[in-house]
Structure formats: C-alpha cells, structure tokens
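Each chain is listed here by its residues.
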Amino acid sequence: MDKILVYGGHPLNGTVRVSGSKNSALPILAAALLTREPCVISNVPDLSDIHYMLQILSHMGASVERASGVVRIHAEKIKTEAPYDIVRKMRASVCVLGPLLGREKEATVSLPGGCVIGDRPIDLHLKGFEALGAVSRIEHGNVKIFAGELRGATVNLRGKLGPTVLGTDNVMMAAVLAEGTTVIESAAAEPEVVDLANFLNKMGARIEGAGTRRIVIHGVSELHGTEHAVIPDRIEAGTYLVAGAIGGGDVRLIRADPTHLGSVIEALQKTGYSVETGADTVRVRGNGAPRPLQLTTEPYPGFPTDMQAQMCALLCQGSGISVIRETIFPQRFMHVSELKRMGADIALDGHTAVISGVGKMSGAPVMASDLRASAALVLAGLKADGVTEVNRVYHIDRGYERIDEKLIQLGAKIERVKA
Ligand code: EPU
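On a predicted model such as this, the values are computed, not experimentally measured, just so you know.

Trainee: Outline the sheet that holds strand S19 (residues 321-325), listing residues and values.
Mentor: An order of S18-S19-S21-S20 is seen for the 4 strands of this open sheet, with the pairing classed as mixed. Two strands lie at the open edges of the sheet, namely strand S18 (294-296) and strand S20 (345-349), each paired on one side alone. Across this sheet, the average inter-strand angle for adjacent strands is 15°, counted without regard to direction. Here 3 bridges tie S18 to S19, and the two strands are oriented parallel to one another.

Listed below in structure tokens is the structure:
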C-alpha cells in the first residue's frame, strides 16, 4: 500500500494540465452499453475508479480497448448482471442500471452499500425507473429491475438533500430508449450531467434542458455509436487552485473549463487570492494567508461538496473564524480529525465546521479516508512544518491522475513510497 510524504514549505509555481473528468467519464462509459455499435471516448483519466468501471463493462460482455486516454467500447451483446465482487469497489457502478434497463429492460446489480462520506441510498434512482414503468426489488443484496416496456413519464427527482447527480444520469439513460417523452423535474444541473446528455445526443438521443432543473427526453427506438471527448475535471482543477493558494506562488491550469469553476474561483477571491481566467486556463497567485470565509456546499452552480475538504485545509492556515456548512453529505468531515492531528483548530457541530485559523500547521502521519478528504491532507502538508505522511493513498488514486507527479512538476517536494 503506497503512502505519500509531503515535505512542507516549498512554494508552487508553474503550469499543470487538468485531466478529463472522473465523474463525467464514469456514466459516459456506462452509457456506451446503450448501443450495439462501438463508441470511442477520449480524455478519459487514468484512475482506479475508471479501471473498475471498465472491468464491469468487460464483465458484462463489452469489448474494451484502452490506449492513452482513449477508450473504445463495443457492447454488441451484453449480460444484465453486475456482481458484488466488482461493484463493491465503487459506488458509481450503479450507473450501469440505467443503460441496462434502457437497452435490455432488465438489470441485476449488487447494491453498493454505504461509504465513508455517509449513507448512499438509491431510492431516487428507483423512483425514476418506477415512473417509467419498471418494477424493482432488493434480493440477496442485489437490486433487480425489470420492465415489460418503458414509457415516458414526468418524475421529480428531488430528495431530502436536494437533486441527485447519478440518479439524474441513470433515469436519463433509461429514458432515452423509452416510448414517448420523459420529463425529469428537479434534475441535477452539474456539468457532468450536461456532458452525459451531449454524449447521448451524439448517439442519437433527443434530450433537451440538460444543465437546468428540467430535462426533457424524447424516447428513440435505438442509439448508434459515436465519438466524444470528456470535459475537464472541475474538481481536480479546483484542487490545484487551492494547492496554489496554500503553496503560495503562481499556478496556472491549462485544459481547464473556467466556466465550471465559478463558485470555487469566487471563494478563493473572497479569501484574498488573485484568480484570472482565460478561455481554457485559470491562474491563481498565492498572496499570504487566507481571509476567513463563510461557505455552504450546494448543488451546482453552488460551491461543490467535492471541494469542501480542500477549502477546509486552506482556511485552517489563515487567522480568524471560518464556517463551512455541508448540505449535500452532512457527515462528510473525515478530514477534520486528521487535520486536527496537524494542529488545526476545528469544531464540528452537526453538519457545520467552525474553523479557527491557526496560521501554520505541522506535518504528521495522517490517514486518507475518502478521495477528497485525502487530497485535503496532501494540500495541508504543502505548507505545514516538516513532513506529512499520508497513508492509504489508494483513495487519492481513485480520483486524481498522478497527483504526486503533478504537484512535483509545480515545485512541491513529494515522494510516493511503498508502505
Ligand atoms: N441521495 C438520496 N437518494 C438517492 C440518491 C442520492 O437521498 O437515491 C442523496 C445522497 O445521499 C446525497 C445527495 O442526495 O445526500 C446527493 O447525492 P448524489 O446522488 O447527487 O450523489 P452521487 O450522484 O452519488 C455524485 C458524485 C460525487 C459527488 C455528488 C454530489 C459521481 C461518480 N459521484 O455522487 O462525487 O459528491 O455527486 O455532487 O459522479 C467524488 O467525486 O469524490 C464524489 C463523491
């Protein structure tokens, strides 16, 4: 099991290329199951979560070829079952449900279970499938869904904690091959949902309104193969912007989409950093310690939950009191106890973190838990005194392509060692 050693105190300067979006690529790869013809998907990041998704697709009978960021999937004949030993590795495996139901009118997928960021129910996904005429039941740890035929319907996918990203994706993927028109109300409007809709439309689907709270899908009888390039990863981009702010220096992102980063850029500007954008570039200049900030995570275009831990690491390094409210995954604060080991002063009150800036933190051995919490620990280590030893880095490798190499390229002193 690898660990990452971060030697604090080396300013970051230079250019880093943003990879393709993990959270776009995962449902797009699954969507290739919707056609018997080959699909070619490029700008696919080299991550363990992507590897698991490709394993699932191969298991389902698709031929999968992959070479330097380009994946060719040909799902001429497919099985409709995804077993526990593959699915358990990644919650996003649930996004094969929509394509299987759309194409084969049935799916049996092992339930992914909870994860460290909280309970991860799929009730809203099932609500959407049921609105289209499917029946679902949980049996022996699997969710089984089947439908004689799928008929368009209107369904509201708002849950207690707001819209659902993969739920919107899943229902959209089932509805593209349904009879008639489906309307998803309270849809997720994340850029990754738009990217999936664009891919499906290139396959011959008729989807309107992706990126708004109301998506209309006119069913078609079949889809065809196509080519598509995945959008840049806005969370990876945001993570390097925060790294630039913490590291202090001048960091420029290339192959980014600044239009997807509005709330993150605004938060950084409010804390006192200079951020400039170009067509596909973003530049952050470190400017001393951050000013305190009040931040609430919200569905897009609000501040993303996937950037909350990284921002928390930054705010610890300032002075004054910052408050972060987490409204998407109220228990997503695993980074807090590890940051405290590095000297942070954070009080948790339910889904709110009150951060009293301590200025400099000190390096310590810490444990990576979920993907974004782990990235936050690496970022905290960039400025901490001494060495931060981040254990269980496989969590980071799930979602950050070569994070150590990219940070080293920017001037950080980081080492990956076998534990
Ligand atoms: N929810 C329900 N019922 C459902 C589905 C979701 O109550 O059927 C709740 C969730 O428990 C959560 C909220 O709704 O409280 C939002 O969850 P959502 O369904 O939007 O999350 P997701 O689609 O499972 C994706 C990303 C996450 C990201 C969230 C929110 C992928 C593969 N995952 O998850 O990314 O945090 O949207 O933006 O796209 C990450 O990359 O680190 C990550 C966790």
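Trainee: Account for the site of the ligand, naming residues and giving values.
Mentor: The environment of the ligand is formed by 24 residues, the closest being Asp 123, Thr 164, Leu 166, Asp 306 and Ile 328. In this structure, Asp 123 approaches the ligand through a side-chain N or O atom, which is 2.7 Å from a nitrogen atom. Out of a free accessible area of 820 Å², the ligand has 91% covered by protein chains. When contributions to the shell around the ligand are tallied by element, the ones reaching two or more residues are helix H1 (22-31), helix H5 (123-131), helix H6 (165-175) and helix H12 (371-383). No other element matches the 3 residues that H5 contributes to the shell around the ligand.

Trainee: Kindly report on the domain arrangement of the chain, identifying the contributing residues and their values.
Mentor: The domain boundaries assigned to the chain delineate domain 1 (2-19 + 233-418) and domain 2 (22-229). Computed from C-alpha coordinates alone, the two centres of domain 1 and domain 2 are separated by 30 Å. In this assembly, 26 residues from domain 1 lie in contact with 19 residues from domain 2. Contact between domain 1 and domain 2 buries roughly 1800 Å² in total, counting both sides, with carbon and sulfur atoms accounting for 54%. Of all residues in domain 1, Tyr 300, Phe 329 and Arg 398 bury the most surface against domain 2, accounting for 30% of the area lost on that side. Taken together, the connections running from domain 1 to domain 2 amount to 2 salt bridges. Of the residues belonging to the side of domain 1 that touches domain 2, the class tally is 9 nonpolar, 6 polar and 11 charged.

Trainee: Before we move on, can you summarise the sheet that holds strand S7 (residues 106-110) with the specific residues and values?
Mentor: With respect to topology, 4 strands assemble into an open sheet ordered S6-S7-S9-S8, the strand pairing being mixed. A strand with exactly one partner marks an edge of an open sheet, and here the two such strands are strand S6 (81-82) and strand S8 (135-139). As paired elements, S8 and strand S9 (residues 142-146) share 5 bridges and run antiparallel to each other. Along S9, the bridge assignment pairs Val 135 with Phe 146.

What counts and what doesn't
- Residues numbered from 1 in each chain as written.
- Predicted model: local features only at pLDDT ≥ 70, side-chain atom pairs only at ≥ 80, totals over all residues.
- Heavy atoms only, no water.
- Pairing = 2+ DSSP bridges.
- Helix = DSSP H or I, 4+ residues; strand = E, 2+ residues; numbered from the N terminus.
- Axes fitted to C-alpha atoms, helices over the stretch in contact; angles between N-to-C directions.
- Near = heavy atom within 4 Å.
- Polar contact = N/O pair within 3.5 Å; in protein donor to acceptor, adjacent residues only side chain to side chain.
- Areas by Shrake-Rupley, 256 points an atom, 1.4 Å probe, with all protein chains shown as cover.
- Domains from an automatic or database assignment.
- Contact = heavy atoms within 4.5 Å.
- Buried area = accessible area lost by both parts, 1.4 Å probe.
- Salt bridge = Lys/Arg side-chain N within 4 Å of Asp/Glu carboxyl O.
- Nonpolar A, V, L, I, M, F, W, Y, C, P; charged D, E, K, R; others polar.

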